[in-house]
Amino acid sequence: MSDVQIKLASLVIAEHFGDVVENVCTYLLKYGSNSSRVVIAETKLRADQVKKALCVLVQHNIVTFAVSRRGLVEYTADIQRALLLVRYAQYIYCAKTLYGDVGELIIEEVLHHGQILMSTVIEKVKEKLKEAMEGNQLDPSVIRDKFIELVHTHFLQRLPACSDPVDKAKGDDKTLPAIPQLKISDTELYTVPAHLHTEGFRKRKRSTGDVGKAEGSKRARSSSTSSADGKELPPDDGIFWQVNFERFHRYFRDQDIISAITQRIDKTAGEVVRTMLRISELTTDFMARSTKPLSSHEISRQLPSECKLDHRRLEQYMKLLIDDQTMIVRKFSDAGGGTYDIDLEQASRIICTANIESVVQERFGSKSYRIFKTLLMKKYLEQKEIENFALIPAKEAKELVYQMFSENFLSVQEIPRTPDHAPSRTIYLFTVSLCQVSHMLMERCYKSLINTMLRRQYESAENRRLIEKEQRVEAITASLQGSGADPAQVEEIEKMMTPLEKQQLQKYKRRIAKLEQSELQVDQTALVLNNFIMQEASGRS
C-alpha cells in the first residue's frame, strides 16, 4: 500500500461519503487495524461520528472487523475495495449493456447501498421506473426476474449471515465484546431462496421470538427475541445482497480478449472466442490459468446463429487461432474431434504488454518502441546487440536505451566475468521486466487519477456561483411549467442567465466531461495492469 494509493482512496471516499468518513478511513489505511476507541482519540472526532462513519464503511464492505488477541474489536480498511469506487460508473454501464434499464437500476441501487435486501431493491427500482414512465407501473415480477438473473450469472452475490446466537469473543467472559460469526456456503452465494422466486413481497408481522437483525457488520441475524412491536418485515428479511466485483472484472477481461482476437484475425474468430469464454465463464475461477477444455462440437452448438459456421469452417478457424503467435487459444487434446482451451494467463500478458507498448510509443517515440519490442522478443541483449537488432545508430540507440532505463521501463542484469565484479569485466544485459513496469505504471495511473480528480474539484469550486445560479433558474422554470404559468414568464426567468454566463457554463461542462472521460480511460488501463499483476502473483504461488 503506497502513499499514492492512500491519497487516491482518501479523495474517492471524501467525494462519495464526506470528510468525516474520509478521516476515519484514511486513519485506518495509514495505521492499520485499530479499535474504535483508538480511532476516536487519534482523529479527534466525536464518538457518535466515528461510529456512524464505521457503520457506513462496513455497510459498503470497505472496512471489516475482527477480535484481536487482546479481546478488542478492531477495524481494518481494505485499500483495493476503496479504490473500486472509481469504477462504479463502468459497472453500471456494463449492467445496462447486458441487462437493459432494469438491470442498470438494480446494480445502481445495490452499489449505492453497499448491501441491501432484494425486496428493497425491487421497491426502489419500481418507484424510479414509475417516475421515468410518467406514472405507468412496471410489474414487480419483471424486476424480480431480472434480479434473479443477475444472481444466477454471478453479478450479484449473497452476503454471509449469522442465524446462531452471537458468540463471545473469548470463552464466557461477559466483559468482552460480542460479534456475529458470519458464515455462508459456496452453494448459497448465488442461490435465491425458493420462496422468493414466486412469493410476492408482502409484509409479515413481527412476533415474539422473531429473529432480529444484527446491524453494523453484515446486517446478520441474531437470535435474541423481542416483544411484539407490530412492525412489518419483508419475507426476505436478513438476506442481504452485494455486487460481485470480481465477476464484472472477469467480464471486462473477457471483452479485452475478444477485442484482441477480433483485431488480429476477424469478427468471426472473435465470436468463436466469445462463445468459448461464455460457456466457461461461470465454471472458471477468476484467477484460473486457463478455461476448461471444450470440444469443437460443444463450441459449434453454442455459436450464435448469425455466425453460420459449419464444422469444417469451424475447424479452419480453430487452426487459425491455434497457429496465431499470441497463443491465447490452445489445443488441449485430439479427443472428441479436438478439445480446446483459452490460456487466460497468456491473454492477460498479451493485453498488458500491448498497453505498455502503447505507453512507450507515445512517451518515447517509434524508435524507442522498436527497441522495447526487440527486448521483449530477445529477452536479454547487450547495448551493441540492441543497436544491431533494432537497426538504429549507436549514439541514438544508447540515448534512447538509457532514457527508458532512467524511467524504469528497462532493467539491467549484471553478469560478472570475475569474482571482483569489476565494471570493465562485467557484462550488462538490458531486459524488460513486465511486472516491474506494470507496478510502476499502476502508480502513475493512480497519480493521474489524483490529478484529474483535483482538477475537477478545482473547476467546480471556481464555477460554483454559476452552477448554483443555473440550478435555481432550472428549479424556478420547472415550478412555473408545472403550475401552468404563462410562457412569457418562463422566458423571462430563463433570461436571468446572460449569454456570457451560458457560454462559461458550456466551457465548464466540456472541461468536466473531458476530465471524467480521462478518469475512465486511466482506470481501464489500471484494471488491465492490475489483472496482469494478480495473474502473475497467482501463477507464482
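All figures in this text were calculated on a predicted structure; none of them were measured in a lab.

### Here we look at the packing of helix α6 (residues 88–113) against helix α8 (residues 140–152)
Reasoning step 1: One way to put it is that α6 packs onto α8 with a least axis distance of 10 Å and a crossing angle of 75°. Relative to α8, α6 is oriented roughly perpendicular. Between α6 and α8, the contacting residues are Y99, V102, G103, I106 and I107 on the first element and I143, K146, F147, E149 and L150 on the second.
Reasoning step 2: The class makeup of the residues in the contact of α6 with α8 is seven nonpolar, one polar and two charged.

### Digging into the sheet that holds strand β15 (residues 339–342)
In sheet architecture, strand pairing relies on hydrogen bonds along the backbone and comes in two forms, parallel and antiparallel.
Reasoning step 1: Strand order in the open sheet formed by three strands is β13-β15-β14, with antiparallel pairing between adjacent strands. What marks the edges here is a single partner per strand, and that holds for β13 (294–295) and β14 (329–333).
Reasoning step 2: Sitting on the sheet, helix α14 (residues 311–323) is in contact with β14 and β15, with an inclination near 110° to β14.

### Looking at the pairing of β15
Reasoning step 1: Burial of β15 is two-sided: the residues T339 and D341 facing one way and the residues Y340 and I342 facing the other way are all buried.
Reasoning step 2: Sheet topology places β13 next to β15; two bridges connect them, and they run antiparallel. Within β15, the residue paired with S295 across the bridge is T339.
Reasoning step 3: When β14 meets β15, the two strands line up antiparallel, connected through four bridges.

### Here's the deal with helix α2 (residues 19–31)
Reasoning step 1: Between its first and last C-alpha, α2 extends 18 Å over 13 residues, near the 18 Å set by a 1.5 Å rise per residue.
Reasoning step 2: Along α2, the residues classified as buried are V21, E22, V24, C25, T26, Y27, L28 and L29.
Reasoning step 3: G32 occupies a position one or two residues after α2 and carries a positive phi of about 80°.

### Observations regarding the sheet that holds strand β5 (residues 156–158)
Reasoning step 1: Judged by pairing direction, the sheet is antiparallel, and its three strands sit side by side in the order β4-β12-β5 without closing on themselves. Strands with a single pairing partner mark the edges of an open sheet, and in this sheet they are β4 (116–117) and β5.
Reasoning step 2: Two elements, β5 and strand β12 (residues 240–243), share three bridges in a ladder whose sense is antiparallel. The residue of β12 that forms the bridge with L156 is V243.
Reasoning step 3: α6 contacts β4, β5 and β12 of the sheet and is inclined by roughly 100° relative to β12.

### Considering unusual backbone geometry
Reasoning step 1: Despite not being glycine, K44 has its phi angle at roughly 60°, a positive value.
Reasoning step 2: Residue placement: K44 occurs in the loop between α3 (36–43) and α4 (47–59).
Reasoning step 3: Taking relative accessible area as the criterion, K44 reaches 71% and is therefore assigned exposed.
Reasoning step 4: Although it is not a glycine, K379 adopts a positive phi angle of roughly 75°.

### Remarks on the side chain of S368
Reasoning step 1: Considering the arrangement of structural elements, one finds S368 in helix α16 (residues 366–378).
Reasoning step 2: By relative accessible area, which is 0% here, S368 ends up buried.
Reasoning step 3: Excluding residues within four positions of it along the chain, S368 makes contact with V360, L400 and M404.

### Digging into the packing of aromatic side chains
Reasoning step 1: On inspection of all chains with the given rule, the structure shows 14 aromatic pairs.
Reasoning step 2: Aromatic side chains F405 and F430 sit 6.3 Å apart centroid to centroid with 85° between the ring planes, which places their arrangement in the edge-to-face category. Highlighted residues: F405 in helix α18 (residues 394–406) and F430 in strand β17 (residues 426–431), separated in sequence by 25 residues.
Reasoning step 3: We classify F430 as buried; its relative accessible area is 3%.
Reasoning step 4: Clustering of aromatic rings is evident, with ring pairs tying together Y88, Y91, Y99, F155, F245, F248, Y251 and F252.

Rules behind the numbers
Residues numbered from 1 in each chain as written. Predicted model: local features only at pLDDT ≥ 70, side-chain atom pairs only at ≥ 80, totals over all residues. Heavy atoms only, no water. Axes fitted to C-alpha atoms, helices over the stretch in contact; angles between N-to-C directions. Helix = DSSP H or I, 4+ residues; strand = E, 2+ residues; numbered from the N terminus. Parallel < 35°, antiparallel > 145°, perpendicular 65-115°, else oblique. Contact = heavy atoms within 4.5 Å. Nonpolar A, V, L, I, M, F, W, Y, C, P; charged D, E, K, R; others polar. Pairing = 2+ DSSP bridges. Buried < 20%, exposed > 50% of the residue type's maximum accessible area, 1.4 Å probe, protein only. Expected span 1.5 Å × (residues − 1). Phe/Tyr/Trp six-rings, centres within 6.5 Å; stacked < 30°, edge-to-face > 60°.

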